[in-house]
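# Observations on the model geometry
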Amino acid sequence: MIRIEPRTSPPAFLRVLVPPFAALAALLLAAIPLAIAGADLTQAYRLMAEGVAGSVFAITETLARATPLILTGLAAAVAFRARLWNIGGEGQLYLGAMAAVAVGSGAIAAPVLLLVPLVMLAGALGGAFGMAVPTLLKTRLGVDEVVTTLLLNFVILLFVQLMLEGPMQDPMSMGWPQSLPLVDEATLPALVDRMRVHAGLVLGLVAAVAAAFVMTRTTWGVRLRAVGDNTAAARHAGIPVGRTLLSVGLVSGGLAGLAGAAEVAGLKGYLTADLSPGFGYAGIVVAMLAGLSPLGVVAAALFVAAVFVGADSMSRALGVSSYLADLIVAMSLLCVLVGGFVQRYRLVRTG
Amino acid sequence: MEVLDILIQANFWAAAVRIATPLVFGVLGALLCERAGVLNLGIEGIFTAGAMAGWMAVWLGAGLWGGVLVAALTGAGFGLLHGVLTVPLGLSQHVTGLAITLFATSLAYFTYRTALPDIATPPRIEPFRPLDVPILSDLPFIGAVLGQQTALTWLALVLVLVVWWMLNRTPLGLALRAVGDAPEAVDAQGLSVYGLRIGAVCAGSALMAVGGAFLTMSAFDAFFFEMVNGRGWICIALVIFASWQPGKALLGALLFGAFDAFQVRLQTEVGAVVPSQVFLMVPYVLSILALIIAARRADYPRALLQPWFKGQR
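Our subject in this report is the structure included herewith. (Residues numbered from 1 in each chain as written. Chains lettered and ligands numbered in written order. Predicted model: local features only at pLDDT ≥ 70, side-chain atom pairs only at ≥ 80, totals over all residues. Heavy atoms only, no water.)

## Overview of the side chain of A:Thr272
Counting through the fold element by element, A:Thr272 comes out in the loop between helix H11 (241-268) and helix H12 (279-289). With near-sequence residues (within four places) excluded, A:Thr272 lies in contact with A:Tyr94, A:Leu164, A:Pro177 and A:Gln178. (Helix = DSSP H or I, 4+ residues; strand = E, 2+ residues; numbered from the N terminus. Contact = heavy atoms within 4.5 Å.)

Written as structure tokens, this is what we have:
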């Protein structure tokens, strides 16, 4: 008989090794769909690597793609750590982007140093509002937040389309559903000349460091982790669970909203309904790959961004469906989940 | 047009039943999983995979029922994966389910694109035709409502009865319900907790996939990207609304179908004044409202989300 037994203390080397091995395993598993699609494997992997890091352009593209993923990854990591299942990052990202456009497209005239922070603040508030509703429904009425956040993603995306065909539509867009462009003073500067990577990346890195600090070194962080580890015990210890969850929800939604604001202000310049190719959902994968650690989120976001950018450029060259990238990302999540099991349990032979 | 005029139209109710059908499959599937103690958030992806696999099987010449079988097996396969990861390995049901959704969806899309690389308009199949049931079809009104439905809708209705009977009138159902409430008691009886739970998740996932196949083989006749569009998540909300009861699940799905069919009618009436997105939001908002209403009295299976390991207290 083989029995499953929890490890008393998971060895540190496993904690560090599991995510990279899961990522590697997913990349290797990608050989199966690649072979089925009839691609030359060595060529495919070489093209992927070149697409990620083969040139300055490739590297900046990967960094640009990682920027929103760091922020949505943090949004998921912070919430999941408190066992608040925020699956609504996608919707909150769009609310943040809408708020950013509302503030930054000419409504307020201000110098760069004032307007950019205002636009980012608006984005964070927009996203925070988006998560406040399901969090309050959870803490006040006991409504499961998983399903409400998932469903709200659809509601919010439809609302964005409504606004882009109505009140927020750029009158100069010839009927295209897109918003007014942000004014120059509201735009995040590029980090490398003529490349798409922008100051949002710095914002993401600062947010990651701040989140790491707050979660490990402050009372709020202790409360958040206590609620996540054992809600009943936390309540018993006098921690205001409802208020803690609400603040976690606001921070988590705010981070996702920041992702939307940064995409609009750093990359696109205006809002369309296809701003995000699923950054909110991918953020969940990023958070899990990172083991919910804020600094790990940066590494995980770089990996997921690399998969998207690398598989995209390989797909274009070889004519393999670009859904391969989503497939690799999904498989890496499955692999890291299995890795998490290896980390926490061991198999014991009995009898 | 008056509201009442809409409500007495057979066509309206026929549409409501049609909209409800995939949800009935999905809710029954989710209900089976959750009654056994396993939340299956893979549902959205399993719907998509079932829709694609069923359609593709028919397109490749497997015949309509062959397509349904392929869809069910595809669903059961993803269910097996979810079951193995969440039951004996005891991984987070939330995250594993989302992983299954991402995996099943991307696999379905990748397979479709790889099989049909340069297709502009999705190829069509000959879908299920309305089933002419003797006697029933001749009844006034009911005949007009049910006479428009295909065999898959009838299958869904029969399955409501079967699942109810299985859960409430058979030893298997008793064991299944017990494994979702008190797995240690089931283990003490000498039954396999792992076997029951994995089996329930496989069966439930097969039903979800057939719900997806209804979309491509009965409601429409082709596969489109993003055609599932949150139906899986709506089912997860409806299970709670239905208090995990098959009969109430049917009622909830029909109520939902009626509301959705109603907003489609309303759209043709006042579509010029109200933006179409408002109507498209209705199903999701309705589901959230249903959740809020149900939250107070929700009586979750007691061991839902709780991993259980053999030989461990």
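Read on, since the account is not over.
## Focus: the pattern of salt bridges
This model, assessed by the stated rule, comprises eight salt bridges over all chains. Note that A:Glu61 is salt-bridged to A:Arg196, the shortest N-O span being 3.0 Å. Here the residue A:Glu61 occupies a position in helix H4 (residues 56-81), and A:Arg196 occupies one in the loop between helix H7 (145-165) and helix H8 (200-217), the gap between them amounting to 135 residues. Residue B:Arg124 pairs with B:Asp221 through a salt bridge whose shortest N-O separation is 2.6 Å. (Salt bridge = Lys/Arg side-chain N within 4 Å of Asp/Glu carboxyl O.)

## Remarks on the interface of chain A and chain B
Each partner contributes to the interface: chain A provides 44 residues, whereas chain B provides 47 residues. When chain A packs against chain B, the two sides together hide about 4,000 Å² of surface, and 84% of this comes from carbon and sulfur. Considering only the side of chain A, the residues that lose the most area to chain B are A:Leu151, A:Phe154 and A:Tyr323, jointly responsible for 15% of the buried surface there. At the junction of chain A and chain B, the tally comes to zero salt bridges. In this structure, the connection of chain A to chain B is made through two residue pairs in polar contact (both at pLDDT 80 or more). Considering each element in turn, the side of chain A that touches chain B owes the most residues, 13 residues, to H7(A). By residue class, the composition of the side of chain A that touches chain B is 35 nonpolar, four polar and five charged. (Buried area = accessible area lost by both parts, 1.4 Å probe. Polar contact = N/O pair within 3.5 Å; in protein donor to acceptor, adjacent residues only side chain to side chain. Nonpolar A, V, L, I, M, F, W, Y, C, P; charged D, E, K, R; others polar.)

## What about the packing of aromatic side chains?
This structure, assessed with the given rule, holds 20 aromatic pairs over all chains. Each ring, one from A:Phe341 and one from A:Tyr345, has its centre 5.3 Å from the other, and the planes form 25 degrees; the classification is stacked. With respect to class, A:Phe341 is no different from A:Tyr345; both count as buried. Residues B:Trp55 and B:Trp59 carry aromatic rings whose centres are separated by 5.5 Å and whose planes lie at 15 degrees to one another, so their mutual orientation is stacked. Here B:Trp59 and B:Trp55 lie together in helix H3 (residues 43-59), a separation of four residues that amounts to about one turn. Judged by its relative accessible area of 34%, B:Trp59 is partly exposed. Taken together through their ring pairs, the aromatic side chains of A:Tyr323, B:Trp55, B:Trp59, B:Tyr109, B:Tyr112, B:Phe223 and B:Phe225 make up a single cluster. (Phe/Tyr/Trp six-rings, centres within 6.5 Å; stacked < 30°, edge-to-face > 60°. Buried < 20%, exposed > 50% of the residue type's maximum accessible area, 1.4 Å probe, protein only.)

## Some details on a nonpolar patch on the surface
All names here are of chain A. Taken together, the side chains of Phe13, Leu17, Phe21, Leu24 and Leu28 define a hydrophobic patch exposed on the protein surface, amounting to about 540 Å² of accessible area. Note that leucine 28 resides in helix H1 (residues 12-29). Looking at leucine 28, the relative accessible area reads 57%, which means it is exposed. (Patch = residues over 30% accessible without salt bridge, like charges linked within 9 Å, V, L, I, M, F, W, Y side chains within 5 Å. Areas by Shrake-Rupley, 256 points an atom, 1.4 Å probe, with all protein chains shown as cover.)

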